Amino acid sequence: MIKNYLLTTLRNLKKTKLFALINVLGLTLGMTACLFILYFVNYEKSYDRFHENSERIYRLRYERSDQDGQAVRFASCCPPAGLRIRKLYPEVEKIARLFRYRASVSHAGNRFIEERMYFAEADFLEIFKYEFIAGDAPDGIKQPNRAFISQATAGKYFAGKNPIGQILAVDKKADYQVAGVFKDVPPNSHLKFDILLSYPNLLDLYGKDVEDSWGDSGWFTYLLLKPQADPLAFEKKLPALVDAEFGKVLRAYKLTCDLKLQPLKDIHLTSDFQQEYEVNGDLDTVNFLKVIALFIIAIAWANYTNLSTARSLTRAKEVGIRKVAGASRGQLMAQFILETVLINLLAMALALAAVKLFLPLFGQMTGTPMAYRIWSQQWFWLTVLAMFLGGIFLSGLYPVLVLSSFQPAIVLKGKLANAARGMNLRKFLVIFQFVMALGLLICTFTVFRQISFMKKQDLGFSMENKLVIRAPRVRSASFASELQTFKQQLLKNAKISDFCVGTDVPGRQVWWDAGGIRRVGTDDNKNYQIVGIDYDYVKVFGLKLVAGRNFAREYPADAKALILNETAAKWLGFQSPAAAIGQRVIYWDDTFEVVGVLADHHQQSVKQACEPHIFRFLPEGRDVRGWFVLKLNTQDMGSTLQGIRQLFDEFFPDNPFEYFFLDDYYNQQYKADELFGEVFAIFSFLAVIVTSLGILGLSFFMALQRTKEIGIRKVLGASVLRILLLLAKDFMKLVFISFAIALPLSYLFISQWLQSFALRTDLAAGLFLYPLAIVSLVTIATIGSHIIKAAMANPVESLRFE
């Protein structure tokens, strides 16, 4: 019996090759797209879940607010919080602090700036169970001058030699003995590090007094709660701790400070605070991609259901004859279910092959590392099974029930009792497909329009032809004079027109933050972002002075002067930029004079509103911890860079030469939005393709059903164009109904999405009309070939049909 079913199924599929091809291709595209989207989604959701006890690990954050409720929210914490919690709260099993330290690290001629290096307390390696392949981790890190490095870092510095016992020089100020090597931190970790240094050495750098500074930030603090501890109840105890330790100072400055617990597993998708290790993911994007995956597979299943029910009209006599011959409804259902199983099985096999083939390309596009092995993930195979079974039952069950329900006496007379009801279902499914395709296209156009809009905005500064070099960490006693000579030598090059130094450059959030700042005579303390600059910073970046002056050498008192941006001037209560000039501002316990006000510029992308910036003058040669910026006036970058590198190596020989171009660096901020747009575009295209496949099949069956009608109309004088318009209008009606549904739904979604941008594009009519035009043209092109072929057929052959 099963053999007979199988042979009959293969015979039917061979007989209707176009039907089988469309169904298999539509399901394959839908399944492939769904698997790729869910691969990205599950990778994003997998962050930090590999840690033992991850559900009990929390990050302690620090927030500081002024009396108006304006808050600066840090991903890090203040130094004393971890110390006090360790002593006072028994529900905390372990607590550890890290401090990020960017520095020049060298060994035997190998020099690199290490961005992912941290001073770490010993309990950090008790909370996070990283795998060590050499050395004694928990005990070794308690000792001073010890370093623990990743496998990749060991290869970078020691090239196959045993790293244990070797020495790493950090900024040529301290030597650290390598005491352990750990496996590289997995890519799906919000905290990635290459080197861990003994925490006691941090206190040697900054002094032990920093352990009592509640006003500082930058200490990343993690705690492991005991199994029975209630995190919400514990968090409610922390305000009393802050008040007892720091309340008097806070009240004096009219500030508040809060300590917040953040579950480890939530950090990557929900955390966007100041001083994050890296740009995190976005939970809204992940959730929306899940919805897209569901829509695309639903479109593919709707295609299958549509085509199968349409094809049932051509198989009605087959069913009638089988029933007359004695076949039961159950036998017919088994036959048709087997067809559904084979089509879905073939589609799933092709989808898995496509995933295997295109996974490296998709991973490169989305930044998902190949180390996250899709084939070993339990969710992947459960999803494959769910899609296979779902394809059989959700898309195949209704056509099976329709086919097996035909009554022999009716269908053998050429009548179909359920034809009208089936037509209504098919129209509904086509409308569903069109709504999804139109919605995705509208969103795609909106995303790219918003990205283009952001890139065209006046940022308030010039970033073209700016070469940014990391300032040297290792310096001699004569660094100030060396810097001046270095600058003079650079400016002798006609290809370099200007040079400046600063603690930050546009393209990332300002790291330096300070609270307790107010006008003299007021008590309205607020938090501001601080940028240290030299005399030429304003000129090099083309920042616009709207009042006052820039820092200048003829004003020796500028060491106690400030320049504000417009937002900072407003926050300080000045009615206009001019009103701020000459006024005095208290910066913690010191007093500064405002000498200038700059027009706001977008330190970060225009997605964020301009923040209050205060520019402090840093005397040349002092505290230059950030960047050198060179303004170039040449297209010959190769030889120019080579000359700059040689000069840098000559003046600062113990520092690696690291550089970037500011426009590339700044535009990296749009990478996540561009990726979002590319994903939208790709899967919108696939949705349109899958939908068009369904329309192709339906138009074929429609032309087949109306062959005799077409022949009669031709005999009566109808032209090919008239017949085409007559038959195409049914599909176009569905397109316009779908557009009427998709328009308000898409408008609501994209309006909500645009709310996350400080500056946003307008919702022009083209965002909605272009997708409508695309879907309309695709629909006409898809159905046109079948209808024209039928309309151009010999009417004699058409009238003999059936």
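Here the structure is a predicted model, which means the values were calculated and not measured. (Residues numbered from 1 in each chain as written. Predicted model: local features only at pLDDT ≥ 70, side-chain atom pairs only at ≥ 80, totals over all residues. Heavy atoms only, no water.)

## A short note on the packing of helix H3 (residues 79–88) against helix H9 (residues 238–253)
The geometry of a pair of packed helices is captured by two quantities: the angle between their axes and the separation between those axes.
Right, on to step 1. Between H3 and H9, the least distance of the axes is 11 Å, while the angle of their chain directions is 115°. Crossing geometry of H3 relative to H9 is assigned as right-handed. Note on element contacts: H9 touches H3 through Leu238, Leu241 and Glu245, opposite Arg84, Ile85 and Leu88. (Axes fitted to C-alpha atoms, helices over the stretch in contact; angles between N-to-C directions. Helix = DSSP H or I, 4+ residues; strand = E, 2+ residues; numbered from the N terminus. Left-handed = near helix turned anticlockwise from the far one by under 90°. Contact = heavy atoms within 4.5 Å.)

## Here's the deal with the environment of Leu543
Right, on to step 1. By the element assignment, Leu543 lies in the loop between helix H18 (537–541) and strand E18 (545–548).
Right, on to step 2. With a relative accessible area of 10%, Leu543 lands in the buried category.
Right, on to step 3. The spatial distance from the C-alpha of Leu543 to the C-alpha of Ser462 is 7.7 Å, given a sequence separation of 81 residues.
Right, on to step 4. The residues touching Leu543, leaving out its near neighbours within four places in the chain, are Gly460, Phe461, Tyr537, Val538, Leu598 and His601. (Buried < 20%, exposed > 50% of the residue type's maximum accessible area, 1.4 Å probe, protein only.)

## Structural notes on H3
The α-helix advances 3.6 residues per turn, and as a result positions three or four apart in sequence lie on the same side.
Right, on to step 1. The element H3 is extensively covered by neighbouring structure, given that seven of its ten residues are classed as buried.
Right, on to step 2. For H3, the full list of buried residues reads Pro79, Pro80, Ala81, Gly82, Leu83, Arg84 and Ile85.
Right, on to step 3. Check the buried side of H3 and you find it contacts strand E1 (57–65), strand E3 (92–100), strand E12 (219–225), helix H8 (231–235), H9 and strand E13 (256–263).

## Thoughts on the environment of Gly460
Right, on to step 1. Considering the arrangement of structural elements, one finds Gly460 in the loop between helix H16 (419–456) and strand E14 (466–470).
Right, on to step 2. A sequence separation of 143 residues divides Gly460 from Gln603, and the C-alpha atoms of the two residues are 9.0 Å apart.
Right, on to step 3. Filtering out sequence-adjacent residues up to four positions away, Gly460 remains in contact with Gly542, Leu543, Asp600 and His601.

## Some words on the packing of aromatic side chains
Both the distance between ring centres and the angle between the ring planes are used here to describe each pair of aromatic rings.
Right, on to step 1. Counted according to the given criterion, the structure contains 53 aromatic pairs.
Right, on to step 2. Measuring from ring centre to ring centre gives 4.9 Å for Trp753 and Phe757, while their planes differ by 70°; the resulting arrangement is edge-to-face. The same class applies to Trp753 as to Phe757, namely buried.
Right, on to step 3. Three or more aromatic residues joined by ring pairs make a cluster, and in this case those are Phe479, Phe486, Phe499, Phe628, Phe648, Phe651, Phe652, Phe657, Tyr659 and Phe661.
Right, on to step 4. Above the ring of Phe479, the side-chain terminus of Arg475 is found at 4.6 Å from the ring centroid.
Right, on to step 5. Over the face of the ring belonging to Phe592 we find Lys560, whose NZ or CZ atom lies 5.6 Å from the ring centre. (Phe/Tyr/Trp six-rings, centres within 6.5 Å; stacked < 30°, edge-to-face > 60°. Lys NZ or Arg CZ within 6 Å of the ring centre and 35° of its normal.)

## Some remarks on the confidence of the model for the protein
Right, on to step 1. In this model, the protein carries a mean pLDDT of 85, and residues with pLDDT of at least 70 account for 87%.
Right, on to step 2. Across residues 415–421, where pLDDT falls below 50, the model places nine contacts with residues more than four positions away in sequence or in other chains. (pLDDT = per-residue confidence, 0-100.)

## Some words on the pattern of salt bridges
Right, on to step 1. Counted by the stated rule, this structure contains 31 salt bridges.
Right, on to step 2. When salt bridges with common partners are traced through the structure, they connect Arg86, Arg97, Glu121 and Glu211 into a single cluster. (Salt bridge = Lys/Arg side-chain N within 4 Å of Asp/Glu carboxyl O.)

## Thoughts on the environment of Arg519
Right, on to step 1. Tracing the chain through its elements places Arg519 in strand E16 (residues 513–519).
Right, on to step 2. For the pair Arg519 and Arg584, spaced 65 residues apart in the sequence, the C-alpha separation amounts to 6.2 Å.
Right, on to step 3. Those residues within four positions of Arg519 in sequence are excluded, and the remaining contacts are Leu572, Gly573, Phe574, Arg584 and Val585.
Right, on to step 4. Reaching out from Arg519, the side chain makes a polar contact with the backbone oxygen of Gly573 at a distance of 3.2 Å. (Polar contact = N/O pair within 3.5 Å; in protein donor to acceptor, adjacent residues only side chain to side chain.)

## Overview of unusual backbone geometry
Right, on to step 1. Its identity as a non-glycine residue notwithstanding, Asp171 has a phi of 55°, on the positive side.
Right, on to step 2. By the element assignment, Asp171 lies in the loop between strand E9 (167–170) and strand E10 (174–182).
Right, on to step 3. Its relative accessible area of 2% is what places Asp171 among the buried residues.
Right, on to step 4. A positive phi is found at Lys172, a non-glycine position, where the angle reads about 55°.
Right, on to step 5. Looking at where Lys172 falls in the secondary structure, it is placed in the loop between E9 and E10.
Right, on to step 6. The exposure class assigned to Lys172 is exposed, which follows from its relative accessible area of 51%.

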